[in-house]
Amino acid sequence: MTDVGIEMTDDVKVPPLEGGHLTEHEVHPTATGISNEKLSMWVFLGSECLLFGGLISTYLLYKNRPGAIEVRDTVSGAHVGNAQRISDLFDIGFTSVSSFILLASSLTMVFAVLAAAKHQQDKLRLWLGTTAALGAVFVGGQVYEFTEFLNKGAGYTSNVSTSAFYTLTGFHGVHVSIGILILLATLALTFRERSQVTPERVEIVGLYWHFVDVVWILIFTVIYLIK
Amino acid sequence: MALVNARTPLELPSGAETTVRRPLGVFQRPVRPTGWRSWVFTVDHKKVGIMYGAGSLLFFLVGGIEALLIRTQLARPGLKVLSADLFNQVFTMHGVTMIFLVVMPLQAAFANYLIPLQIGTRDVAFPRLNALSFWIWLFGSIFFNTSWFLGGGADGGWFNYAPNNGVIFSPGHGIDFYAVGLQIIGVASLISAVNLIVTVINMRAPGMTWFKLPVFTWMALVTQFLLLFALPVIAVALFLLTFDRLYGSNFFNASLGGDPMLWEHLFWIFGHPEVYIMIMPSFGIVSEIIPVFSRKPIFGYPFMVFSGIAIGFMGWGVWAHHMFASGIGPMSVMAFSLSTMFIAVPTGVKILNWLATMWGGRLRFSTAMLFAIGLVTMFTIGGLSGVTHAFAPADTQQTDTYYIVAHFHYVLFGGALLAIFGGFYFWWPKMFGYRLGEKVGKWNFWLMLIGFNLTFGPMHILGLQGMSRRIFTYSPDQGFDFWNMVATIGAFTIAVSVLVFFANIITSFRKHRRTQEVVSGDPWDARGLEWMIPSPAPEHNYDEIPVVTELDEFWHRKYGHDEEGHLVRIASAEEVSQKGDATNVHLPSPSYWPIVLAAGLPFIGYGVIYNLAWAVLGGLLLLAGVFGWVMEPSTDPEADHGLHGGDDLEPTAEAAFEEAAAGEGDPQAELEEAPR
């Protein structure tokens, strides 16, 4: 019973990412050599592709279906003209900036994964926090954008193009928000006495985060760049 | 090793000062090995599989009663057993129930029970997620059926085409329950798909390469991939429908810019793979049964595997053959006609392989074998009538007639369900330790086969005569009387055969209890790994993870060839079987959280439909479940698991230590159950 391979002791606190007490398990043999957790995330992301595929198709089908939107001034509420579809209201500059911020968060996520791999606890916390913050800025931007559109008169049910727009970007926003929660939970777990935040787990969180970012590149192109 | 040394060997986990720290937020674990708690909080793939089976048999009765109501209403022209409105609800609920609450979960039952046994591992990759899938499915199914008591069920057919699925044409809450209920059930299937895919890819026993994988596991794997990619598509469709009905969007409302065809496309992009989701595991079951009772290896194993994969791929390219009558244009019709004809090829390959497996074999017509042959014959009829739909002109004529109803019942009842019953008779001894009666079983089979053909055979004729589906009655001058009566008689014959099946379970169980007869691990002289462990399968499955060198490994351990190439027995089944008495096996601990987490979803469903206050309650349950789940290591550091599978109820000190140590390394402890 002395060869169970667990080096961790209860009375000696070893910083989790430096102690390496989990290395035994990180290389746990599976038929493919990839851990079950990481493989399950890849498989799940495969499924997510079809979810966004369906939503993007819906938007593409409906984006040019006109339906009169009475555009109001966001401050005075005065009627300032008519729009036919949601794309008439886009502020491409604003969305480009918030998209850039989301993409930047992919970079900070990479730093977080690197820090975890090097067992640099403080840096890991820093970059996890930064990534979550950048994600939050993006979601905040989306909330602002939605509010603007709504104040201008384009509600969820104004016409099918607005419905499709809000549904697609809304689903993406929910995915980013869930990602932020996961990042914050991971960050919180690094403070636990015996942390379960292994480098691989950070990497798995990263997989999800990068996926959400990559999908946004697609959505941004489809919604804002293609006329 | 300070942890281990800190305890003296006799200090059991309940001892006062233990160095094993209970993680934050974890209650005392459910640890009882017997009683209802051992089922409700289980994470054992075998118990989860059995619960899936029991649950879906219950819904099989519900769906069956709905079928009998339909057939009673249609027995004679002009009957008023059901009103037109109620008839719409009954056939819709019958369809959805039989597909999502019976056939799919029955396949999930077999997949859950058999995959870990067939690939030689101790559990699935994520045992708690497995339990979660089951509870979400069960609660979602109950949620869906509560619509009967809350104003009536969905009433637009199982595919609920737009615009009939809109609030204007279906103002009740039935379709809301359909949209939200299927969404919940879909989550269960998605989790289960991810779990089983990872299990098969990652947890195969040493030596079990892809082409030594049993055919059932292969087919179940293809099914899980189909689920993985098809479910998000129906999820999108159901979300859009929910938003249309509850939040006032107009995705499917043509008068306000929406497009009803979008629903049809999204539905069938899911719906056609769904057809293969239902039939593929049955192909797998039959591929396990026929070789055993022919005493021959499966003919053309690689062809079996590749045709299954081919069906999996091609299943994505045929969806619009459900929509030939909807005006999708001549080019689309031609393309989908062609692809539909092509997909018959790999299916035909399978049929021929089964026949070739039986050819020249030493056939034993056990009940399981009869059911398997039932699939081969009945599915062939259904497949042939299916190919007739590939011809667009004929299909346009047949669309929405009873010919279609006949066709899909031949593939789904004559195919999927007959194989599932065969699977029950075949694996029942492995699951419960006693056989189902063969004599009663044959009554069960013949009654079912005759009843089935009486019910659905005449529907071909009715359909070609022009009788529409989904019409609640007909008039005497239409000439539909005779065959409708025959079909109704057939339906009640099926009902009798199902009762015979349940009676068989009860009488066989009583006999088993009376005689205390214990069935051996290998009652059929079978081929796969699952037969080299005792019946019923011990909780830890394998004492030692087997090392695989052959397809049909167990058979090759029992039989070899002499110099002239004749089959000779080289060992008895007992000699090469495992005893199931291992101790010190790490198994994932039972958990409260899957059922707590799952219980939140139906409340969220009611909240979406009625009042968001319910959703808040559901959300809290969900959060509690997630929090408890995250904070709980999957293997209890305090569990005395050493007694698993052993007669010795004293946990050995060694086992206790091993458990404690395992708990320490818990992040990956889900892997712990499958050391290799």
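Everything discussed here concerns the structure shown above.
Residues numbered from 1 in each chain as written. Chains lettered and ligands numbered in written order. Predicted model: local features only at pLDDT ≥ 70, side-chain atom pairs only at ≥ 80, totals over all residues. Heavy atoms only, no water.

**Student:** Break down the nonpolar core for me, with residues and values.
**Tutor:** If you look at the biggest cluster of nonpolar residues, it comprises 259 residues, and the most contacted ones within it are Trp135, Tyr178, Trp263 and Trp354 of chain B. Apart from residues lying up to four places away in sequence, Tyr178 of chain B is in contact with Val96, Phe144, Ala154, Trp158, Phe159, Asn160, Leu238, Leu241, Trp263 and Phe267 of chain B. (Core = buried A, V, L, I, M, F, W, Y, C linked by side-chain atoms within 4.5 Å. Buried < 20%, exposed > 50% of the residue type's maximum accessible area, 1.4 Å probe, protein only. Contact = heavy atoms within 4.5 Å.)

**Student:** Explain the packing of aromatic side chains to me, using residue names and the numbers behind them.
**Tutor:** Counted under the stated rule, the structure contains 83 aromatic pairs over all chains. For the ring pair Tyr434 of chain B and Phe509 of chain B, a centre distance of 5.8 Å and an interplane angle of 55° mean the geometry is tilted. Here Tyr434 of chain B is found in the loop between α13 (402–432) and α14 (438–465), whereas its partner Phe509 of chain B is found in helix α15 (residues 481–515), with 75 residues between them in sequence. Here the guanidinium or amino end of Arg125 of chain A rests over the ring plane of Phe191 of chain A, the centre of that ring lying 4.0 Å away. A cation sits over an aromatic face here: Arg435 of chain B above Trp524 of chain B, 4.8 Å from the ring centre. (Phe/Tyr/Trp six-rings, centres within 6.5 Å; stacked < 30°, edge-to-face > 60°. Helix = DSSP H or I, 4+ residues; strand = E, 2+ residues; numbered from the N terminus. Lys NZ or Arg CZ within 6 Å of the ring centre and 35° of its normal.)

**Student:** Describe the packing of helix α11 (residues 367–390) of chain B against α13 of chain B, with residues and values.
**Tutor:** All names here are of chain B. Here α11 crosses α13 at 160°, and the two axes come no closer than 8 Å. If you check the angle between α11 and α13, you find them roughly antiparallel. Here α11 runs over α13; the crossing is left-handed. (Axes fitted to C-alpha atoms, helices over the stretch in contact; angles between N-to-C directions. Parallel < 35°, antiparallel > 145°, perpendicular 65-115°, else oblique. Left-handed = near helix turned anticlockwise from the far one by under 90°.)

**Student:** Go over the environment of Gly348 of chain B, please, and point to the residues and values.
**Tutor:** All names here are of chain B. In this fold, Gly348 is placed in helix α10 (residues 330–358). We classify Gly348 as partly exposed; its relative accessible area is 27%. A sequence separation of 117 residues divides Gly348 from Leu231, and the C-alpha atoms of the two residues are 27 Å apart.

**Student:** With reference to specific residues and values, describe the environment of Ser535 of chain B.
**Tutor:** All names here are of chain B. Mapping Ser535 onto the fold places it in the loop between α15 and α16 (553–558). Relative accessible area serves as the criterion here: at 7%, Ser535 is assigned to the buried category. Measuring from C-alpha to C-alpha, the distance between Ser535 and Ile197 comes to 26 Å, with 338 residues separating the pair along the chain. For Ser535, the contacting residues outside a window of four places in its chain are Pro429, Lys430, Gly433, Val518, Val519, Ser520 and Gly521. At 3.1 Å, the side chain of Ser535 and the side chain of Lys430 are in polar contact. (Polar contact = N/O pair within 3.5 Å; in protein donor to acceptor, adjacent residues only side chain to side chain.)

**Student:** So, the pattern of salt bridges: which residues are in play, and what are the values?
**Tutor:** All names here are of chain B. Counted according to the given criterion, the structure contains 14 salt bridges over all chains. Residues Arg245 and Asp176 are paired through a salt bridge, measuring 2.5 Å at the closest nitrogen-oxygen approach. Taken together, the residues Arg245 in helix α7 (residues 215–247) and Asp176 in helix α6 (residues 174–202) connect sequence positions 69 residues apart. In this structure Arg245 comes out as buried when scored by relative accessible area, which is 9%. One salt bridge connects Lys558 with Asp522, and the closest N-O pair in it is separated by 2.6 Å. Taken as a pair, Lys558 in helix α16 and Asp522 in the loop between α15 and α16 lie far apart in primary sequence, 36 residues in all. When sorted by exposure, Lys558 lands in the same class as Asp522, which is buried. (Salt bridge = Lys/Arg side-chain N within 4 Å of Asp/Glu carboxyl O.)

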